[in-house]
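Given next are the chains, with one letter for each unit.
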Amino acid sequence: MQVSYASRFDGISGSAIRDIFKLLTNPSIISFAGGNPASSALEPGRISQFAQEVLAENGVNILQYGQSEGYAPLRESAATFFRHNAVEARPDQVLPLAGSQQGLDLICKALLNPGDAMLVESPAFLGALQTFKLYQARLVPIEMDEGGAIVEDIERKIIAERPKLIYLIPTFQNPTGRTLALERRRRVAEIARMHGVTIIEDDPYCDLRYRGEALPAIKSFDKGDNVLYLNSFSKIISPGLRVAAVVCTDEEMMRKLVVGKQSTDVHSPNLNQAIIDRYLRSGLLSEHIELICASYAAQMSKMLEMLEGFPESVRFTRPDGGIFLWCELPEGFSATELLPEATRRGVAYIPGDHFYARPGAHHNTLRLNFSNASLENIEKGMLILKELLIEKGL
Ligand SMILES: Cc1ncc(COP(=O)(O)O)c(C=O)c1O
């Protein structure tokens, strides 16, 4: 069929990553490629109990149409929950979403015209880059170091490029695992206020901390309603339920997000919102997070221990939490080209070049996920990778 597709899809392939995920349906491959929680972190029994309870108590309302603004009890319990990240919001400033991914989409829908500039960390979360490209944003990479995005570079580029949005993943960033330093959080909020730019603070990993002190969100330093704070229950409860929320303290912006959501999906499924609300009110979530953190911490240690055994020319991040490590091979090595051979030998990762707004120059990088592999498989998979790299001359 001859179809003339919308120009917003020009240059969007997504195919390389889809091909990698197709490979991963093969159960014999040890996958460090995804970003899934461990299967053992998911709790069908508890979730089914919560579902039965909320349906027994409030079934007719849950099965009826709900409000685009979200399930009222969840707006309240999520507002309370976000206080532990120093994010202070009233329930009417919290908009439940079908995953943070939807929040990214709605924010772009509200703010971006084709060609608008937007600052993104370099590298940044692939799913977000895809959304920004679909809204035809002009992506401007921000430099990073071990302390996260470099604020001087952000300010320089705000002045030079006049962006509408800055996209930051401040805590245990996807893909690098890096965390934006405390003073940078304060400064970036201040700079955004001075220049009238909106920050998207995407924070789905903040509760997966294995060492060190928790840092306040950028939103906690936001004096001019410039920060849209996204948090998700995907990584701490269940990605399949598709429940997240955005904190938006600007009333007009909130109205735009709600109208945008109405046109996308009317509202998020009431049952899923009610289940998450029940979990937040149960008092059981902090214990669950402690449990998953204990096992992810062990998985991260094992992966780091294995990386320590690689030749010194392989550089890698040492995060304090999250689910990803980021590796840089010496110049001349291509993680992109090595992937087919790695998967033939039984191990998969995501080549790092995909995480750049301007791909093509970072083939020596790769992202490794440790949350969804057993200690035994981490050891096995990392040995396969090491042998492969050594064979290729590392
Ligand atoms: C930084 C970041 N933002 C957003 C998402 C999407 O999460 P959700 O399941 O809430 O849509 C992910 C998922 O991996 C992520 O890593």
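Preceding this section is the structure that the text describes.
Just so we're clear, the structure is a prediction, and the values are computed from it rather than from any experiment. (Residues numbered from 1 in each chain as written. Predicted model: local features only at pLDDT ≥ 70, side-chain atom pairs only at ≥ 80, totals over all residues. Heavy atoms only, no water.)

What exactly am I supposed to notice about the packing of helix α11 (residues 335-344) against helix α12 (residues 375-391) here?
Two measures define how a pair of helices packs: the angle their axes make with one another and the distance between the axes. The geometry of α11 relative to α12 is characterised by a closest axis approach of 11 Å and an angle of 125 degrees between their N-to-C directions. When the axes of α11 and α12 are compared, the pair comes out oblique. When you trace α11 past α12, the crossing you get is right-handed. Within the contact between the two elements, α11 uses L338, E341 and A342 and α12 uses L385, L388 and L389. (Axes fitted to C-alpha atoms, helices over the stretch in contact; angles between N-to-C directions. Helix = DSSP H or I, 4+ residues; strand = E, 2+ residues; numbered from the N terminus. Parallel < 35°, antiparallel > 145°, perpendicular 65-115°, else oblique. Left-handed = near helix turned anticlockwise from the far one by under 90°. Contact = heavy atoms within 4.5 Å.)

Would you mind going over the pairing of strand β2 (residues 94-97) with me for this structure?
Each regular strand shows side chains that alternate between the opposite faces of the sheet. By the alternation rule, side chains of β2 split into V94 and P96 and L95 and L97, which are all buried. As paired strands, β2 and strand β10 (residues 244-247) are joined by four bridges and run antiparallel to one another. Residue L97 lies in a different strand from β10, and its bridge partner there is A244. (Buried < 20%, exposed > 50% of the residue type's maximum accessible area, 1.4 Å probe, protein only. Pairing = 2+ DSSP bridges.)

Hey, could you run me through the pairing of strand β15 (residues 365-369) in this one?
Of all five residues making up β15, five are buried, and the element is well covered by its neighbours. Two strands pair when backbone bridges link them, and strand β14 (residues 350-351) and β15 are joined in this way by two bridges, in the antiparallel orientation. Across the sheet, residue I350 finds its bridge partner in β15, namely R367.

Just checking my understanding: could you explain the site of the ligand for this structure?
Around the ligand sit 14 residues in total, of which S100, D202, Y205, S232 and S234 are the nearest. Between the ligand and D202 there is a distance of 2.5 Å, counted from a nitrogen atom to a side-chain nitrogen or oxygen. S232 is positioned such that a nitrogen or oxygen atom in its side chain is 2.6 Å from an oxygen atom of the ligand. (Near = heavy atom within 4 Å. Polar contact = N/O pair within 3.5 Å; in protein donor to acceptor, adjacent residues only side chain to side chain.)

I'm lost on α11 in this one. Help?
Because an α-helix packs 3.6 residues into every turn, residues spaced three or four apart end up facing the same way. Every buried residue of α11 is listed here: A335, L338, L339, A342 and T343. Seen along its axis, α11 keeps its buried residues to an arc of 135 degrees; they face one direction. Every exposed residue of α11 that faces more than 90 degrees away from the buried side is listed here: E337 and R344. Trailing α11 by a residue or two, G346 shows a phi angle of about 105 degrees, which is positive. (Arc of directions from axis to C-beta.)

Read these as geometric descriptors, not functional statements.
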